[in-house]
Amino acid sequence: MTLYRTTRLMLSGAAFLSLAGSAFALDGQDLLTKINAAYSQQGGTIIADGVDVDGTSVTLKKASFKTNSGEAVSIGDITMKGVEEDEDGGYYVEEASFPNISATNEGATFTATDLTLSGISIPADPKGEGLNSMLLYENAHSGPVKVVQNGAELFSLAESDMNLTLREDESGFDFDGAFKGLKADLSKASDAQSKEAIDKLALQHIQGDITMKGAWELTPGTIDISEFAFDFNNVGKLNLAFKISGYTMSFMKSLQDAAKQAEANQNKEEAQQALGLSMLGLMQQLSFESAQIRFDDASITKRALDYAGSQQNISGQQMADSLKAMTPIMLAQLNIPELQNAISAAVNTFLDNPKSLTLAAAPAKPVPFPMIMGAAMGAPNTLPQVLGVKVSAND
């Protein structure tokens, strides 16, 4: 009798656990529906032949990406691991892995491997407010990427990573990215003139990295890109930076809505006109805070002067002297005397000893975009003063 009771209790417990497991099992279709509800805000949806659920893993079988205009791109099976449903009905995915890509077009084969997204937050309601309404990821990664034609590797990338870090107070997030080990083979250029320029500039084989860093503060809508750098061996490093405010969640969603409406309009000319007007209206919400373009030379300037001079049968030094003489003449037409002197001085310093050249704009206080556009149309010579433009070299 005791054995009978014990067995019955064990069976009852197993049945209860089975029912509990069924009650809390992941709903794969609901997950896909909410991914698409969020992703459609950015221009497309994901279609799958089937959705398989195994514990906390979900696989989208034979998935494809479909744009809002109707174009479809086949992806393959997408595997998501560590899937959890939040209390508010959204989802968190530890990692989503994508199949390797291999596509051939006009004799060139493109391949990309080790494609993953990690720390994905899928909102319950993408039309809500705040970060909870955004589809976000913590890391996007790719392994080697290559373009091969006729057995020759024209382009390759060792790996890339993009990271998003949400601030503890959820006031915004910081982001950074790196495209490492970029290589491009320009030695097989078919055009004779292009090949001559590539050879003279020693650009047959380019190697380098692309990096970026920035932040987005939600309430003021401040986007601060502190680094967007292209750093190539024996060429130099070009870094772009800018800071604007007014790019709020509301602004971003209005931008997405305008783009979706334009894409849905069958009359493309009318759609582009409507999108242009919407963009002009939205731009009035933005303000310019700062920007900088800086180039650090790594020997390309001398080669460029030598090549430009050879086209006119003069030396590189003579080409540099010619540029120094022409710069103030060309700038005089712009009617910006204060900046003209600064630019001329910077150009002279840089051409005499190429190290760095910096163009920066930092007004005393943020300048609304409409004011910038008004100055550009009405009095373009006042723009440097409005934006606080400065030029320097070798600093």
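Presented here is an overview of the structure given in this document. (Residues numbered from 1 in each chain as written. Predicted model: local features only at pLDDT ≥ 70, side-chain atom pairs only at ≥ 80, totals over all residues. Heavy atoms only, no water.)

### Examining the overall build of the protein chain
When helices and strands are counted, the protein chain shows ten helices and 20 strands. Taken over C-alpha atoms, the radius of gyration comes to 28 Å for the protein chain, far larger than the 21 Å a tight globule of 395 residues would show. For the protein chain, long-range pairs separated by at least 24 residues make up 55% of all intrachain contacts whose partners lie at least 6 apart in sequence. When the accessible surface of the protein chain is split by element, carbon and sulfur atoms take 56% of a total near 22,900 Å². (Helix = DSSP H or I, 4+ residues; strand = E, 2+ residues; numbered from the N terminus. Rg over C-alpha atoms; globule rule 2.2 N^0.38 Å. Contact = heavy atoms within 4.5 Å. Areas by Shrake-Rupley, 256 points an atom, 1.4 Å probe, with all protein chains shown as cover.)

### Quick notes on helix H3 (residues 192-200)
Two or three places before Gln-193, at the start of H3, stands the capping residue Asp-191, its side-chain oxygen 3.4 Å from that residue's backbone nitrogen. After H3 finishes, the residue Ala-202 shows a positive phi value of roughly 55 degrees. (Polar contact = N/O pair within 3.5 Å; in protein donor to acceptor, adjacent residues only side chain to side chain.)

### Topic: the pattern of salt bridges
Throughout the structure, instances matching the rule amount to twelve salt bridges. Across the salt bridge formed by Glu-153 and Lys-146, the nearest N and O atoms sit 3.8 Å from each other. Judged by its relative accessible area of 36%, Glu-153 falls in the partly exposed class. Residues Asp-296 and Arg-294 are paired through a salt bridge, measuring 3.1 Å at the closest nitrogen-oxygen approach. (Salt bridge = Lys/Arg side-chain N within 4 Å of Asp/Glu carboxyl O. Buried < 20%, exposed > 50% of the residue type's maximum accessible area, 1.4 Å probe, protein only.)

### Considering the nonpolar core
By size, the foremost hydrophobic cluster in this structure holds 27 residues, and its most contacted members are Met-134, Phe-173, Trp-216 and Ile-372. When neighbours within four sequence positions are excluded, Trp-216 is seen to be in contact with Met-134, Ser-171, Gly-172, Phe-173, Phe-175, Gly-221, Thr-222, Ile-223, Tyr-247, Thr-248, Met-249 and Met-252. Leu-26, Leu-31, Met-80 and Val-93 belong to the second-largest nonpolar core, a separate cluster that totals 18 residues. (Core = buried A, V, L, I, M, F, W, Y, C linked by side-chain atoms within 4.5 Å.)

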